[in-house]
Amino acid sequence: MEKSSSSIQALVSRIKERVTHLINGNNSNNYIGVQSFVSPSAYDTAWLAMVADPRQPGEPMFKACLDWVLDNQNPSGFWGETDWEGFPTIDSLPATLACMIALKTWNLGHQHIQKGMAFISAHAAIILKDYGNSFPRWFTIIFPGMIELAKKAGMEVSFLHEIEQINGIFDERSKILQSFDEEGIVSSLNEDGPVFQSPSAAAYAFIVTGHDRCMAYLQILVQACKSGAIPPMYPVDEDFIKICTVHQLQRLGLSGYFNEEIKQLLEQVYRNYKNQQAAKLNIVPANLFRDSLAFRLLRMQGYHVSPWRFCWFLSDETALAHICNNFQKFLSVLYSIYRAIDLMFRREMELQDARLLSRALLEEYLTLGSTDDDILMWPNLCNMIEYELDTPWIARMDHLDHQKWIEVSKASPLYLGKASFYSANLMQLAEEHFESLQSTYKRELQELTRWSEAWALAIVKE
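Residues numbered from 1 in each chain as written. Predicted model: local features only at pLDDT ≥ 70, side-chain atom pairs only at ≥ 80, totals over all residues. Heavy atoms only, no water.

Engineer: I'm lost on the pattern of salt bridges in this one. Help?
Structural biologist: Oppositely charged side chains can form a pair if their charged atoms are brought close together. This model, assessed by the stated rule, comprises 16 salt bridges. A salt bridge links Arg-173 to Glu-148, with the shortest nitrogen-to-oxygen separation between them at 2.7 Å. Of this pair, Arg-173 sits in helix α8 (residues 163–178) while Glu-148 sits in helix α7 (residues 137–152), placing them 25 residues apart in sequence. Take Arg-173: its relative accessible area is 13%, and that puts it in the buried class. According to the relative accessible area criterion, Glu-148 is partly exposed, its value standing at 39%. Two residues, Arg-296 and Asp-342, come together in a salt bridge whose shortest N-O distance is 3.2 Å. Highlighted residues: Arg-296 in helix α14 (residues 285–300) and Asp-342 in the loop between α17 (331–340) and α18 (349–368), separated in sequence by 46 residues. When salt bridges with common partners are traced through the structure, they connect Asp-237, Arg-290, Asp-291 and Arg-309 into a single cluster. (Salt bridge = Lys/Arg side-chain N within 4 Å of Asp/Glu carboxyl O. Helix = DSSP H or I, 4+ residues; strand = E, 2+ residues; numbered from the N terminus. Buried < 20%, exposed > 50% of the residue type's maximum accessible area, 1.4 Å probe, protein only.)

Engineer: Can you help me understand a nonpolar patch on the surface in this one?
Structural biologist: On the surface, Leu-445, Leu-448, Trp-451, Trp-455 and Leu-457 cluster together to form a nonpolar patch covering roughly 590 Å² of accessible area. Within the element layout of this structure, Leu-457 appears in the segment after α21 (424–454). (Patch = residues over 30% accessible without salt bridge, like charges linked within 9 Å, V, L, I, M, F, W, Y side chains within 5 Å. Areas by Shrake-Rupley, 256 points an atom, 1.4 Å probe, with all protein chains shown as cover.)

Engineer: Any chance you could explain the packing of α18 against helix α19 (residues 381–390) here in plain terms?
Structural biologist: For any two helices packed against each other, one specifies the crossing angle of their axes together with the interaxial distance. Their axes nearest at 10 Å, the elements α18 and α19 cross at an angle of 135°. When the axes of α18 and α19 are compared, the pair comes out oblique. For α18 against α19, the interelement crossing comes out left-handed. Contact residues: α18 offers Arg-359, Leu-362, Glu-363, Tyr-365 and Leu-366, while α19 offers Cys-382, Ile-385, Glu-386 and Leu-389. Tallied by class, residues from the contact of α18 with α19 come to six nonpolar, no polar and three charged. (Axes fitted to C-alpha atoms, helices over the stretch in contact; angles between N-to-C directions. Parallel < 35°, antiparallel > 145°, perpendicular 65-115°, else oblique. Left-handed = near helix turned anticlockwise from the far one by under 90°. Contact = heavy atoms within 4.5 Å. Nonpolar A, V, L, I, M, F, W, Y, C, P; charged D, E, K, R; others polar.)

Engineer: Any chance you could explain the nonpolar core here in plain terms?
Structural biologist: In summary, soluble globular proteins display a tendency toward joint burial of nonpolar side chains. Residues Leu-252, Leu-254, Phe-258, Leu-298, Phe-313 and Leu-429 are the most contacted members of the largest nonpolar core, which totals 66 residues. Each residue touching Leu-429, except ones within four places of it in the same chain, is listed here: Ile-8, Leu-11, Val-12, Ile-15, Leu-254 and Phe-258. Core analysis: the second largest hydrophobic core is formed by 63 residues, Ala-42, Tyr-43, Val-195 and Ala-203 among them. (Core = buried A, V, L, I, M, F, W, Y, C linked by side-chain atoms within 4.5 Å.)

Engineer: Help me out: how do you make sense of the packing of aromatic side chains in this one?
Structural biologist: Two descriptors summarise a pair of aromatic rings, namely the distance from one centre to the other and the angle between the planes of the rings. Scanning all chains against the criterion turns up eleven aromatic pairs. Ring geometry for Trp-138 versus Phe-139: centroids 6.0 Å apart, planes at 85°, classification edge-to-face. Comparing Trp-138 with Phe-139 shows no difference in burial state: the two are buried. Pairing Tyr-270 with Tyr-303 gives two aromatic rings, centres 4.5 Å apart and planes at 35°, and the pair type is tilted. Residue Tyr-270 is located in helix α13 (residues 259–275), and its partner Tyr-303 is located in the loop between α14 and α15 (308–311); the two are separated by 33 residues in the primary sequence. Counting every residue linked through ring pairs, the aromatic cluster contains Phe-135, Trp-138, Phe-139 and Phe-143. Residue placement shows Arg-296 over the ring face of Trp-393; its charged tip is 5.3 Å from the ring centre. Sitting above the plane of the Tyr-338 ring, Arg-355 keeps its charged end 4.5 Å from the centroid. (Phe/Tyr/Trp six-rings, centres within 6.5 Å; stacked < 30°, edge-to-face > 60°. Lys NZ or Arg CZ within 6 Å of the ring centre and 35° of its normal.)

Engineer: Just checking my understanding: could you explain the pairing of strand β2 (residues 56–60) for this structure?
Structural biologist: Pairing of strand β1 (residues 52–53) with β2, which is carried by two bridges, proceeds in the antiparallel orientation. Each residue of the ladder has a partner; that of Ala-52, found in β2, is Pro-60. The antiparallel pairing of β1 with β2 creates a hairpin that spans two residues between the two strands. (Pairing = 2+ DSSP bridges.)

In structure tokens:
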């Protein structure tokens, strides 16, 4: 028991240090605190490693990124994320292909490439099998592209046992790309569009166009990431990371260790929350997810927050129709909205309308069972939605809720788009804390049983 207690305290200290960096980010380089909560992206790092120096075309422009690729291959042969048990996750497939292409580009890491090819051959079928024919939108777009680029670079990438799945992914990508506005993408290089939020997209755009704004963006990014490890998104929405940090701490049952840190994080979020207007011009699922989650967390802490911060779409016919017609892309948003409405006050009719809508669309999803969601991703989304709809919030036991969330988080990292929000220390603390509580409850039950028997309470007749 003493060993368990000391291990828990050591983990708490380590996590507190990271959370403190996140809190103090406003007073220093905010990316330093944020980056410790978002895993580096091997895929995006590889794309920057492919960029040639315009002044020396035979040399990489961002050598630190290329060095990171060389130094960070998993012993099993892949690059990318792992789950709680150390097994590669779905992002490891495009990440491994991208890293091999980067090394091939500069004629480096021949043994790395061989190990990567062996990994793809041995594990692709296992990884893809878990998802059936329902893959995250980002994966459907980038994985076929990496296969094509790898073959173009002269690598013999084959998927003999997964040919039907691979063909299905290529077909789905074609459908998605039909909805893309090519002229709009090109014109976005002259403004702060989505290209300047994704390092890999900006790197590709620079390789193809040589656009000065892409170069400027990449240089700023690399200056912020001196180790060469590139995040999956930049700039990072700092409030989003803070909200997700509080969300994880609470759902894992760890808030008791971090009361002061949670208070400070939510104070910072609320300060910005008051000063910003809801983003109504573009229906970005991430914005709705962030604002509905912030509403729940802030209202739980007693802050005065308006439901219209995330319910605005109910009064916008175009936005409402878009969400209803494309609800499978908004599943995590609808899930977050439905949970936020647990904290509804009387006469907040907009929340009642939002609950009816979100419940109807989530129930329709359960009958279909497929998802195109690109905000949150975990394998048990269907089970989480079923649990949320079937079990009223006030009828739950926190301890069992925490256990369920630990099991979900262990199965796969929590993804926000391409970004993995995962901490081995946090998961270890959650599991050890849960086991410690279980041990305490068992002892208390044994003591209560002994006391009941000693006083013959068990045989008292009515």
